[in-house]
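Remarks on the overall topology
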Amino acid sequence: MELEYYKQYLHFKTVGLHSEAKQPLQQFIASFASIAEKEKWTREFLEAEEYEYDYKIRYELYEGVVFPALLSGYEKHDPWSVLWLARTAQNFYKVKHLHEQINFKTDYELLKECYLLDPSNAGLHKVLLSIQIRWLQYCIHEYPIGILYGINGATIDQCQEILSEIEFVKELDTQKTQEGFLNEVQSKVLEYLNRLNST
């Protein structure tokens, strides 16, 4: 890899010469000799202090270097790579040929996969717990009229899925801070499920 090309790209980008920045960026992407080089550079790039964590990466750089490096790690079940795929999901969501390489998984599915690979990651516990608490709050916000799944009322199978997710969230909630809420959601879903089964 020729880092000088990347420095040239950053210079042109910084001074606002976006059309001039394209050529050194293409040269930089073409200069990688192996996937190992892409993996090394990607790790340094994503963990760099100056990298702004909005996770939007220039498309050519993401497609040519970052995504292949993360995909390689994902295929080897590397938790760091799976986590960064989730964090950069906005970069592949609108690009079908990239997204299909990870079976169209969502950022949440990737985060959950990362958790299963590395359950000791306390930061990941908090992120997953926060995401699922918000989702469960949404699921029950129309109760007692019904339990929502997406924009529609939950089906029997979807209720079972919600109950399964509650068990997963209880596992994440090691401090038991959400125990009362989770028991409330479980009770409401079970009551709604009984109504569905009796119709």
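A brief look at the structure comes next. (Residues numbered from 1 in each chain as written. Predicted model: local features only at pLDDT ≥ 70, side-chain atom pairs only at ≥ 80, totals over all residues. Heavy atoms only, no water.)

**Some details on unusual backbone geometry**
Note the cut-off: For helices the rule is a DSSP run of H or I covering at least 4 residues; for strands it is a run of E covering at least 2, with both sets numbered from the N terminus onward.
Across the junction of Y143 and P144, the peptide omega takes the value 15°, indicating a cis bond. The backbone phi angle of H77 is positive, close to 60°, even though this residue is not glycine. By secondary structure assignment, the location of H77 is in the loop between α4 (59-75) and α5 (79-87). Unusually for a residue other than glycine, K176 sits at a positive phi of about 60°. Here K176 is to be found in the loop between α10 (156-172) and α11 (179-197).

**Quick word on the nonpolar core**
Where we set the bar: Working definition of a nonpolar core: buried Ala, Val, Leu, Ile, Met, Phe, Trp, Tyr and Cys residues. They are joined through side-chain atoms within 4.5 Å. When accessible area is computed with a 1.4 Å probe and restricted to protein chains, residues below 20% of their type maximum are described as buried, those above 50% as exposed, and intermediate ones as partly exposed. A contact between two residues is defined here by any heavy atoms of the two lying within 4.5 Å.
Among the nonpolar cores identified, the biggest contains 57 residues, and W41, L61, L85 and F92 are the most heavily contacted of them. For this core, the leading source of residues is α4, giving 8 residues. Beyond its immediate sequence surroundings of up to four residues, L85 is in contact with Y62, F67, L70, Y74, F92, I102 and L110.

**A word on the packing of aromatic side chains**
Going by this rule: Here is the rule: rings of Phe, Tyr and Trp (six-membered ring for Trp) pair when centre to centre is within 6.5 Å. Planes less than 30 degrees apart are stacked, more than 60 are edge-to-face, and the remainder are tilted. Each ring is checked for a lysine NZ or an arginine CZ that lies within 6 Å of its centre and within 35 degrees of its normal; such an atom marks a charge sitting over the ring.
As enumerated under the stated definition, the model contains 13 aromatic pairs in all. Relative to F28, the ring of Y6 lies with its centre 5.0 Å away and its plane at 40°, an arrangement referred to as tilted. With a gap of 22 residues between them, Y6 in helix α1 (residues 3-14) and F28 in helix α2 (residues 18-30) connect regions that are remote in the sequence. Per residue, the accessibility class of Y6 equals that of F28, and both read buried. Plain terms: the ring middles of F92 and Y93 are 5.4 Å apart, the flat faces sit at 75° to each other, and that makes the pair edge-to-face. A relative accessible area of 28% places Y93 in the partly exposed class. The ring of W84 is capped by R87, whose NZ or CZ atom sits 4.8 Å from the centre of that ring. Directly above the ring of F168 sits K112, whose terminal nitrogen or CZ lies 4.4 Å from the centroid.

**Observations regarding the packing of α2 against α4**
Packed helices, taken two at a time, are described by the angle between their axes plus the distance between the axes. As a reminder of what qualifies: Axis definition: a line fit to C-alpha positions, over the contact stretch in the case of helices; interaxial angles, taken between N-to-C directions, run 0 to 180 degrees. Oblique is the label for any angle not covered by the other classes, which are roughly parallel (under 35 degrees), roughly antiparallel (over 145) and roughly perpendicular (65 to 115).
Here α2 crosses α4 at 10°, and the two axes come no closer than 10 Å. Classified by the angle their axes make, α2 and α4 are roughly parallel. On α4, the residues touching K22, L25, F28 and I29 of α2 are E60, L61, G64 and V65.

**Some words on the packing of helix α8 (residues 107-117) against α10**
We count it as follows: Left-handed describes a crossing in which the near helix is turned anticlockwise from the far one by less than a right angle; the clockwise case is right-handed. Three categories are distinguished: nonpolar for Ala, Val, Leu, Ile, Met, Phe, Trp, Tyr, Cys and Pro, charged for Asp, Glu, Lys and Arg, and polar for the others, with Gly belonging to the last.
Put simply, α8 and α10 touch, their axes get as near as 13 Å, and they point 50° apart. Here α10 runs oblique to α8, going by the angle between their axes. Of the two possible hands of crossing, α8 and α10 adopt the one that is left-handed. Facing α8, whose interface residues are Y108, K112 and Y115, α10 presents E165, F168, E171 and L172. Looking at the contact of α8 with α10, its residues break down into 4 nonpolar, no polar and 3 charged.

Any functional reading would require information that these geometric values do not contain.
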